[in-house]
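These are the residues of each chain, in order.
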Amino acid sequence: MKLLVAELTSPYVASPLPARVFRVGVGVISFYTQWTLIPYVFDLYSTRYGIVQGGTIGRLTYLPTIQDLVAWLSPFVPERASLPLLFVTNMTATLAMTLGLWPRASAIVTWVLTSLFFFAGHAQAYGVDFFRQTYLFFLVQVACATRQRRGLAPLPAPPLAVYRWLQFFLCIVYCTSGLSKAFPDVFVDRAILSNRQWFDGSAIYRALLRPDLGRYDFSWLPHWIACTICWGTLFLEIGFPLFVAIKRTRRAAALAVCAMHMGIAVTMGLWTFSATMITAVTVAYLLPAKRLNRTSERLVFYDGRCVVCHRVIAWFSAMRGGFVPIRQLPSRRLYTHSPLEFDLHREMYVVDHNKCCSGAAAFLSLLGDSCGVPLAWLGRWSTVRHAYQWFAKYRARFGCAAACERHCRSITD
Amino acid sequence: VRLNLRKITLLVFLAANMAFVVAGALRFKFETIPLVGEVASDYGIATGSSNSFGFFCSVPLQLRPRFFVDGPSEKEQEVSLFDAQRMSREAELHHLGTIGVFKDVPDKTGRDQLIRSWAATLFTRFPDTLSITVRLELYEIPTPEELRRGEKPVWRVVNSIRVTRVKYRKETR
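Residues numbered from 1 in each chain as written. Chains lettered and ligands numbered in written order. Predicted model: local features only at pLDDT ≥ 70, side-chain atom pairs only at ≥ 80, totals over all residues. Heavy atoms only, no water.

Draft legend 1. Looking closely at the pairing of strand β5 (residues 349-352) of chain A. Residue and element names in this part refer to chain A. The side-chain alternation of β5 yields two buried faces, one formed by Y349 and V351 and the other by V350 and D352. Two strands pair when backbone bridges link them, and strand β3 (residues 298-302) and β5 are joined in this way by four bridges, in the antiparallel orientation. Within the sheet, the bridge partner assigned to R298 lies in β5 and is D352. (Buried < 20%, exposed > 50% of the residue type's maximum accessible area, 1.4 Å probe, protein only. Helix = DSSP H or I, 4+ residues; strand = E, 2+ residues; numbered from the N terminus. Pairing = 2+ DSSP bridges.)

Draft legend 2. Structural view of helix α5 (residues 79-99) of chain A. All names here are of chain A. Helix length check: α5, at 21 residues, gives a terminal C-alpha distance of 30 Å against a target of 30 Å (1.5 Å per residue), a fit within 8%. Buried within α5 we find E79, S82, L83, L86, F87, N90, M91, A93, T94, A96, M97 and T98. Residue G100 follows α5 closely and has a positive phi angle near 80°. (Expected span 1.5 Å × (residues − 1).)

Draft legend 3. Structural context of the environment of S180 of chain A. As for its position among the elements, S180 of chain A is in helix α8 (residues 160-182). Residues S180 of chain A and L234 of chain A lie 54 residues apart in sequence; the distance between their C-alpha atoms is 9.6 Å.

Draft legend 4. Here's a closer look at the confidence of the model for chain B. All names here are of chain B. Confidence in the prediction of chain B, expressed as mean pLDDT, is 83, and 92% of residues score 70 or more. Per-residue pLDDT, averaged within each element of chain B, yields its smallest value for helix α5 (residues 144-148) (85) and its largest for strand β3 (residues 131-140) (91). Model confidence for the complex is summarised by a pTM of 0.75, with the ipTM given as 0.87. (pLDDT = per-residue confidence, 0-100.)

Draft legend 5. Inspection of the packing of helix α4 (residues 66-73) of chain A against helix α6 (residues 103-120) of chain A at higher detail. Residues and elements named next belong to chain A. α6 packs onto α4 with a crossing angle of 100° between their chain directions and a minimal axis gap of 7 Å. As summarised for this structure, α4 and α6 are arranged roughly perpendicular, according to the angle between their axes. On the side of α4, the interface is formed by I66, Q67 and L69, while α6 contributes L116, F117 and A120. For the contact of α4 with α6, the residue count by class is five nonpolar, one polar and no charged. (Axes fitted to C-alpha atoms, helices over the stretch in contact; angles between N-to-C directions. Parallel < 35°, antiparallel > 145°, perpendicular 65-115°, else oblique. Contact = heavy atoms within 4.5 Å. Nonpolar A, V, L, I, M, F, W, Y, C, P; charged D, E, K, R; others polar.)

Draft legend 6. Structural view of a nonpolar patch on the surface. Together, Y216, M262, V266 and W271 of chain A make up a nonpolar patch on the protein surface, roughly 420 Å² of accessible area in all. In this structure M262 of chain A comes out as partly exposed when scored by relative accessible area, which is 41%. (Patch = residues over 30% accessible without salt bridge, like charges linked within 9 Å, V, L, I, M, F, W, Y side chains within 5 Å. Areas by Shrake-Rupley, 256 points an atom, 1.4 Å probe, with all protein chains shown as cover. Salt bridge = Lys/Arg side-chain N within 4 Å of Asp/Glu carboxyl O.)

Draft legend 7. Local environment of unusual backbone geometry. All names here are of chain B. Even without glycine at this site, R27 takes up a positive phi of about 60°. Note on placement: R27 falls in the loop between α1 (5-25) and α2 (37-47). Despite not being glycine, L35 has its phi angle at roughly 70°, a positive value. Looking at the secondary structure, you find L35 in the loop between α1 and α2. The class for L35 is exposed, based on a relative accessible area of 90%.

Draft legend 8. Summary view of the confidence of the model for chain A. Residues and elements named next belong to chain A. For chain A, mean pLDDT is 80; residues scoring 70 or higher make up 77% of the total. Under a pLDDT of 50 for its full length, residues 330-341 has, in the predicted model, 14 contacts with residues more than four places off or in other chains. Ignoring residues within four places in sequence, the model shows residues 405-413, a span with pLDDT below 50, making 13 contacts including any to other chains.

Draft legend 9. Here's a closer look at the sheet that holds strand β2 (residues 77-79) of chain B. All names here are of chain B. The strand order across the open sheet built from four strands is β2-β1-β3-β4, with neighbouring strands paired in antiparallel fashion. A single partner strand is all that each edge strand has here, and the edge strands are β2 and β4 (154-164). Across the sheet, the axes of successive neighbouring strands diverge by a mean angle of 30°, strand direction being ignored. Across ten bridges, the pairing between β3 and β4 is antiparallel. Each bridged residue has a counterpart across the sheet, and for L138 the counterpart in β4 is R156.

Draft legend 10. The arrangement of the pattern of salt bridges in detail. Residues and elements named next belong to chain B. Under the criterion given, the structure shown has twelve salt bridges over all chains. Here E137 ties to R64 by a salt bridge, and the two come within 2.5 Å at their closest N and O atoms. In this pair, E137 sits in strand β3 while R64 sits in strand β1 (residues 63-70), placing the two residues 73 residues apart along the sequence. Residue R64 is classed as partly exposed on the basis of its relative accessible area, which comes to 27%. When the shortest N-O distance is used, the salt bridge between R66 and E78 registers 2.9 Å. Residue R66 is found in strand β1, and its partner E78 is found in strand β2; the two are separated by twelve residues along the sequence. Note on R66: relative accessible area 22%, which makes it partly exposed.

Draft legend 11. Fine view of the interface of chain A and chain B. Each side of the interface is counted separately: chain A has 79 residues, and chain B has 65 residues. Where chain A abuts chain B, roughly 6,300 Å² becomes buried across the two surfaces, and 66% of that area is made up of carbon and sulfur atoms. For the pair chain A and chain B, the number of links is zero salt bridges. Breaking the side of chain A that touches chain B down by element, the ones donating at least two residues are α1 (2-8), α2 (16-37), α3 (41-45), α6, α7 (127-144), α8 and α10 (202-209) of chain A. A total of eleven residues in the side of chain A that touches chain B trace back to one element, the largest contributor, which is α8 of chain A. Considered class by class, the residues forming the side of chain A that touches chain B number 43 nonpolar, 24 polar and twelve charged. (Buried area = accessible area lost by both parts, 1.4 Å probe.)

What follows is the structure in structure tokens.
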């Protein structure tokens, strides 16, 4: 438990990149869906003019729907005007959320209005609408869990716990989806369901040969391929939590799920559903979530009299943390309780939350942090390490003027 | 581990939300909780955390309603609720949902009401129509063995209902 809390509240915070990708991805897909539904707003959501009139199908929830809101507005604005107006308001909020304008407010407005439309039109909703509901609420969490800057500033990085929530959520989604396919009589409370569809390959034929879903004629599909697809889907979905828990198989599992969704999109035409799920999987498992907290303390010890070091540090000086030239230290042992028990003159050191790296790894971690790409691991390569050590040993010979001859000699000696 | 009130609140909220997700995935009925059942159910629906992710756990056969209108002078003419050929795939999927919901309506009264609702839409589009015959067809897909033998999927009529304009009357043939 302590480890879990430590992980979720670690000084590392999630990188802002996945949050931005998720916000833009979900926003673009939602906006596209709304755009395509503009001509059919009355068909799908109107109480009086819809294909299914109000009251025909029971309410999904006791929460107000867009039809209730239209009814409340009817003394002031007729339905012919209020419904399109609310729809366009929802589209505007979605666009603002996508562009990162007033992220918290736009995410909340988008979620609320999309929910109102979803409650009213739950009869015609399919997978993507249910997931959009979850993801918009996730984006509200992301927006509310971060400090927002005014104006056009993008969202800062949300806490790592929010990403862990998304990762765990996707594990539950795929695992229960796989288990429901394999054992529908156990996981689905319908006695009429047959549990052979995903074992004998008929689920693939039923899905691909349905005129409303299948985009191409797959009646020629050999039975063994249909069975392979079914068994592969069950294996991937049920084992998904295990595959992503193991670091070596995480990327492969995420890519396999993305490929599965691409297959669904191409063969069944469920493009927005697949795009939504691919976005979520990419954000949760394929993009780097961790990045050093910009507010944490970091100290970089370097040789302030080395011209090359001085220039490199000047380049990094806009970054967070302190930069300490070792000649300015009152003594060689800066912190008596810190792990710094070495000769600072030999190479550069970076100390961050009592974690220390030196030499090539220190330089590359700084370089990587400035670019947003983890590069410190390159410092473990012996070639890189030896190259840095060679440079560090003879660093005084690079770019030094005659005036520092005494200093250079003192280093090389 | 340094925890402040903000972090604790966030963690508790995320944990509670995840509990909803797990319960929803296990098809727990939130309405059965005494006192707070309705509130919990509404929260689960609004946040999308009470979904059960059994998509395509059993692929159902497609149901298709066909509508035949009877005018005062014309013969029976087939019409449709929406023109899938002229709309985007996304709009088509949402419109198909208005038909697919038929199978989710549990009782016969509700299904009749849904058919009347479809018919009412067509009555407004074709004001001269006196009656509409709704023919429900099921797309039957052969088993893999039958497909190997060369059998083809077929539409089978499962029900036919006539809805009149002035006074609701149905006749099942």
